[in-house]
Amino acid sequence: MRRRRPTADRLAALRGRTAVVTGASSGIGAAFCRALAAEGLAVVGVARRAPELGAVVAEVEAAGGRGEALVADLTTHEGRERVGERIEGDDVALLVNNAGVATHGRFADVPVEHSLAMVELNVSTVVALSKRAVDAFVARGGGALLNVASTSAYKPMAELVVYGSAKAFVRGFSLGLRQEVRPSGVDVCVVAPGPVRTAMLEEALGRPIAPVGAIGRLLERTYFMDADECVRRSLEGVRRGRAEVVVDPVDRAVVRLPHGLLERVDAWSLRHLTGGR
């Protein structure tokens, strides 16, 4: 019986190089900074909020890692240019497109400026920074992109229609881009977290997580993941050269449900998790 060769550790191959992480001032982005530094990469954290970003970089350095804060507003051309120039640095071998924003509400009720701001950050920024990374990495013959989508990429979601559609774009864009650049030695992995307890999640839902009754408390314990665990599982995808990672095993089953049933499951879960209707 032929034994499979062990898969090369793609993440270990990046040790000593630099990772650029967007949306790094809190939540999943901050967790990526900590985890990548622990893996032996220098980390450039990108965010708008200087004090929070500085605290994340200080935490990385206090743990013995190498950190750099790059304050930039990625919804602007100027901000994307600053980050793009850093991505082109010879030391950079990994881009983590994590920055994102979600506005909750019926499409008809959300100001169009808010919807377009979601598209700008969740789509345009991913495309712009991926272009800078791909051009640099292909020229060097190696590198990796990790794009953060969401399980909302797999299902239509009322009151999050622009956010979910943007994440569906990130998923499709990443999988297609991977086909183009793999022959040049560049990896692309897209990860789809489910519910991760962050401030952004409550903003996306439009209400706080406040479990109702025994069912709500059970759902919270089994359905939610903390940011560090989400990042650990995401980086395993990079390590193994995976194209796509649906982070939670429950979500891997749920996203395959028929859309009508999926909508009912989502609505039932939200009622118990938030007390809403």
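Look a little higher up for the structure.
From a predicted model like this one, the values you see are computed outputs, not experimental measurements. (Residues numbered from 1 in each chain as written. Predicted model: local features only at pLDDT ≥ 70, side-chain atom pairs only at ≥ 80, totals over all residues. Heavy atoms only, no water.)

1. Focus: the sheet that holds strand β6 (residues 186–192)
Here comes step 1: The parallel open sheet is built from seven strands, whose spatial order is β3-β2-β1-β4-β5-β6-β7. Here the strands that pair on one side only, and so sit at the sheet edges, are β3 (67–71) and β7 (244–246). Across this sheet, the average inter-strand angle for adjacent strands is 15°, counted without regard to direction.
Here comes step 2: In this sheet, β6 lies alongside strand β5 (residues 143–148) in parallel orientation, the contact comprising six bridges. Looking at β6, one finds that alanine 144 is bridged to aspartate 187.
Here comes step 3: Relative to the sheet, helix α4 (residues 112–140) contacts β1 (18–22), β4 (92–97), β5 and β6, its axis offset from that of β4 by approximately 160°.
Here comes step 4: Against the sheet, helix α5 (residues 161–181) touches β5, β6 and β7, its axis set at about 160° to β6. (Pairing = 2+ DSSP bridges. Helix = DSSP H or I, 4+ residues; strand = E, 2+ residues; numbered from the N terminus. Axes fitted to C-alpha atoms, helices over the stretch in contact; angles between N-to-C directions. Contact = heavy atoms within 4.5 Å.)

2. Details of the pattern of salt bridges
Here comes step 1: By the definition in use, this model includes 17 salt bridges.
Here comes step 2: The partner of arginine 10 in a salt bridge is aspartate 187, and the shortest N-O contact between them spans 2.8 Å. Residue arginine 10 is located in the segment before β1, and its partner aspartate 187 is located in strand β6; the two are separated by 177 residues in the primary sequence.
Here comes step 3: Two residues, glutamate 39 and arginine 15, come together in a salt bridge whose shortest N-O distance is 3.4 Å. Of this pair, glutamate 39 sits in the loop between α1 (27–38) and β2 (42–47) while arginine 15 sits in the segment before β1, and the two are 24 residues apart along the sequence.
Here comes step 4: Residue class for arginine 15 comes out partly exposed when judged on its relative accessible area of 45%.
Here comes step 5: A cluster of three or more residues bridged by salt bridges with shared partners is formed by Asp9, Arg15, Glu39, Glu236, Arg239 and Arg240. (Salt bridge = Lys/Arg side-chain N within 4 Å of Asp/Glu carboxyl O. Buried < 20%, exposed > 50% of the residue type's maximum accessible area, 1.4 Å probe, protein only.)

3. Some remarks on the packing of α4 against α5
Here comes step 1: Packing of α4 against α5 brings their axes to within 9 Å, and their N-to-C directions diverge by 10°. By the angle between their axes, α4 is roughly parallel relative to α5. Considering how the two elements wind past one another, α4 and α5 form a crossing that is right-handed. Residues Ser115, Met118, Val119, Asn122, Val123, Val126, Val127, Ser130, Val134 and Val138 of α4 form the contact with α5, whose participating residues are Val162, Tyr163, Ala166, Phe169, Val170, Phe173, Leu177 and Val181.
Here comes step 2: Class assignment for the residues of the contact of α4 with α5 results in 15 nonpolar, three polar and no charged. (Parallel < 35°, antiparallel > 145°, perpendicular 65-115°, else oblique. Left-handed = near helix turned anticlockwise from the far one by under 90°. Nonpolar A, V, L, I, M, F, W, Y, C, P; charged D, E, K, R; others polar.)

4. Brief notes about α5
Here comes step 1: Taking 1.5 Å per residue, 21 residues should reach 30 Å; α5 reaches 30 Å between its end C-alpha atoms and fits that length.
Here comes step 2: All buried positions along α5 are accounted for by Val162, Tyr163, Gly164, Ala166, Lys167, Val170, Ser174, Leu177, Arg178 and Val181. (Expected span 1.5 Å × (residues − 1).)

5. Looking at the packing of helix α3 (residues 77–87) against α4
Here comes step 1: It is the contact of α3 with α4, at a shortest axis distance of 9 Å, that shows an interaxial angle of 25°. The orientation of α3 with respect to α4, classified from their angle, is roughly parallel. The two elements α3 and α4 cross, and the hand of that crossing is right-handed. Residues Arg80, Glu81, Val83, Gly84, Glu85 and Ile87 of α3 form the contact with α4, whose participating residues are Glu120, Ser124, Thr125, Ala128, Leu129, Arg132, Ala133, Ala136 and Arg140.
Here comes step 2: Of the residues contributing to the contact of α3 with α4, the split by class is six nonpolar, three polar and six charged.

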